[in-house]
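Residues per chain, in single letters:
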Amino acid sequence: MLALAAALPTLSLAQQKTINVGVILPLSGANAQFGINSRQGIELVADEINAAGGIKSLGGAKIKLIVADSTSAATTAATVAQRLITQNECVAILGAFASSLTLAISEVTERRGVPLLTMSFSDQITGRGFKNVFQVVSKGSLIGKCQFDYAVALASGNQKVNKIAIVYEDTAYGTSQATGLRDAAKAAKTEIVMDEAYPLGISDVTPLINKLRNSGAQIVFPVSYLNDSLLIIRTMRQQKIDMPIRRANRIPGVVSE
């Protein structure tokens with residue numbers, strides 16, 4: 001939200017007292033809690049900006065948030081973005097937590113010339129040369145690299161990490177972060193003994209965990225949203241696999257190992 005004023009066009013909006021800003025988040029479905037947390041943060045900062053006199057570069061214009069549920073479907077997210085721009089006259093869009101949703105939204109905002117500010121971190125989001133998308137977090141590949149480097153640093157006092165496993169969801173988010181993990185491991189000459197993608201919302205991870213058990217990995221890096229992560233960790237515990245787990249958090253309150 002603090003970066004919003006810099007992304008907004010100024011000439012046509014300078015005299016307006018209120019501007020509509022669209023907020024597209026998964027407020028229902030598997031990622032609903034992520035969306036709710038994100039919405040609360042956005043609302044908090046919008047209230048602070050309005051209480052402090054609005055957006056000064058736009059003559060003190062106040063922010064009116066138009067919040068919409070993207071669900072977990074990319075087609076829904078794109079349709080919602082189109083509606084917020086054409087019917088609600090939103091001059092900017094914030095969202096949408098999940099990279100696959102943000103990619104769909106960005107196709108709409110780019111065609112319309114509307115700024116999109118996102119907390120999603122797939123490398124694809126800013127890797128297509130779009131002029132109207134602003135990524136306000138680190139890219140997934142960088143997070144994957146830091147995830148690997150941090151794990152190796154923690155383990156350095158015990159033993160050298162020679163073999164790792166990467167288990168990631170096959171979405172834009174998962175593939176970007178897994179790429180960073182993979183590149184960092186190769187640079188460190190660490191063998192990747194398991195490199196396995198799985199579908200988002202997987203219901204049975206037993207085959208993955210069986211493969212992990214036999215991989216010889218010293219550390220496993222799951223790249224997953226919350227529900228899938230919990231399922232992987234619970235299954236590992238049920239099978240008494242005590243291999244260290246290193247993951248990059250996507251939500252406060254979830255431990256990283």
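K.L.:
Where do I start with the nonpolar core in this structure?
P.N.:
Grouped burial of nonpolar side chains is what soluble globular proteins tend to show. Core analysis: the largest hydrophobic core is formed by 56 residues, its most contacted members being Leu-84, Ile-93 and Ile-105. Ignoring sequence-local partners within four residues, the contact set of Ile-93 consists of Gly-22, Ile-24, Leu-84, Ile-85, Ile-105, Thr-109, Val-114, Pro-115, Leu-116 and Leu-117. Core analysis: the second largest hydrophobic core is formed by 17 residues, Val-220, Ile-232, Met-236 and Ile-241 among them.

K.L.:
Any chance you could explain the sheet that holds strand β3 (residues 92–95) here in plain terms?
P.N.:
The pairing of strands in a sheet comes from backbone hydrogen bonds and takes either a parallel or an antiparallel form. What the five strands build is an open sheet, ordered β2-β1-β3-β4-β5; its pairing is parallel. If you trace the sheet from one side to the other, it starts and ends with β2 (62–69) and β5 (133–135), each paired once. Sheet twist, expressed as the mean angle between neighbouring strand axes with direction ignored, is 25°. Alignment of strand β1 (residues 18–25) against β3, held across four bridges, turns out to be parallel. Residue pairing across strands places Ile-24 opposite Gly-95, the latter belonging to β3. Against the sheet, helix α2 (residues 32–51) touches β1, β2 and β3, its axis set at about 170° to β2.

K.L.:
What exactly am I supposed to notice about the confidence of the model for the protein here?
P.N.:
Predicted coordinates in areas of low pLDDT are best not read in detail. Of the residues in the protein, 88% have a pLDDT of 70 or more, and the chain-wide mean is 88. Highest mean pLDDT in the protein belongs to β2 (97); lowest belongs to helix α1 (residues 4–7) (54). Throughout residues 250–257 the model reports pLDDT below 50, and contacts reaching past four residues in sequence, or to other chains, amount to 21 contacts.

K.L.:
Got a minute to help me understand the packing of aromatic side chains in this structure?
P.N.:
A ring pair, where both rings are aromatic, is described by two values, the distance of the centres and the angle of the planes. Under the definition given, this model contains six aromatic pairs. Taking the centre distance of 5.8 Å and the plane angle of 40° together, the rings of Phe-97 and Tyr-225 count as tilted. With Phe-97 in the loop between β3 and α4 (99–112) and Tyr-225 in the loop between β8 (219–223) and α8 (226–238), the pair connects residues that are 128 residues apart, well separated along the chain. Accessibility assignment for this pair places Phe-97 and Tyr-225 in one class, buried. Here the aromatic rings of Phe-148 and Phe-221 are separated by 6.1 Å at their centres, their planes lie at 35°, and the arrangement is tilted. Of the two residues, Phe-148 is situated in helix α5 (residues 140–155) and Phe-221 in strand β8; the sequence distance between them amounts to 73 residues. Its relative accessible area of 1% is what places Phe-221 among the buried residues. Chaining the aromatic ring pairs together yields one cluster made of Phe-34, Phe-97, Phe-121, Tyr-173 and Tyr-225.

K.L.:
Please clarify how empty space enclosed by the protein should be interpreted in this entry.
P.N.:
The rolling of a water-molecule-sized probe over the atoms marks out the regions of remaining empty space. For the coordinates displayed, the defined rule picks out one cavity of 30 Å³ or more. Here the largest cavity is characterised by a volume of approximately 30 Å³. In this structure, the largest cavity is lined by Val-167, Leu-208, Ile-209, Leu-212, Val-220, Pro-222 and Ile-232. Counting residues per element, the ones that place at least two in the lining of the largest cavity are α7 (206–213) and β8.

K.L.:
What's the story with the pairing of strand β6 (residues 163–169) in this structure? I'm lost.
P.N.:
Remark: a regular strand shows side chains that alternate across the two faces of the sheet. Burial of β6 is extensive: six of the seven residues sit out of reach of the surface. Two elements, β6 and strand β7 (residues 191–198), share seven bridges in a ladder whose sense is parallel. For Lys-163, the partnering residue across the bridge sits in β7 and is Glu-191. Note on the crossover from β6 through helix α6 (residues 172–187) to β7: the handedness is right-handed. The pairing of β6 with β8 spans five bridges and is classified as parallel. Within the sheet, the bridge partner assigned to Tyr-168 lies in β8 and is Val-223.

Calculation criteria
- For every chain, the first residue of the written sequence is number 1, and numbering continues from 1 along that sequence.
- pLDDT decides what is reported in this predicted model: residues at 70 or higher carry local features, side-chain atom pairs at 80 or more are listed and counted, and totals for whole chains, interfaces and linings draw on all residues regardless.
- Side-chain figures throughout are based on the complete set of non-hydrogen atoms in the structure, without hydrogens or water.
- Residues belong to a common nonpolar core when they are buried Ala, Val, Leu, Ile, Met, Phe, Trp, Tyr or Cys residues joined through side-chain atoms within 4.5 Å.
- Each residue is assigned to one of three classes by its accessible area relative to the maximum for its type, calculated with a 1.4 Å probe on protein chains only: buried under 20%, partly exposed between the two thresholds, exposed over 50%.
- Note on contacts: a residue pair qualifies if any of its non-hydrogen atoms lie within 4.5 Å across the two residues.
- Paired strands, in this sense, are two strands between which DSSP finds at least two bridges.
- The way it works is that DSSP assigns letters per residue, a run of H or I at least four long becomes a helix, a run of E at least two long becomes a strand, and they are numbered from the N terminus.
- Convention adopted: a line fitted to C-alpha atoms gives each axis, helices being fitted over their contacting stretch, and angles between N-to-C directions are expressed from 0 to 180 degrees.
- A residue's pLDDT is the confidence the predictor assigns to it, expressed on a 0 to 100 scale.
- Between the rings of Phe, Tyr and Trp (Trp by its six-membered ring), a pair exists once the centres lie within 6.5 Å; its type follows the angle of the planes, with under 30 degrees stacked, over 60 edge-to-face, and the other angles tilted.
- A cavity, in this analysis, means grid points on a 1 Å lattice covering only the protein atoms where a 1.4 Å probe fits yet has no way out; a pocket is instead an open set bounded by protein on both sides within 12 Å along at least five of seven lines, and a residue lines either one if it has an atom within 4 Å of a point.
- Grid points are joined across faces, edges and corners, and a volume is the space filled by probe spheres set on the points.
- Here is how to tell: hold the view so the strands point away, follow the path from the first strand over the helix to the second, and if it runs clockwise the crossover is right-handed.

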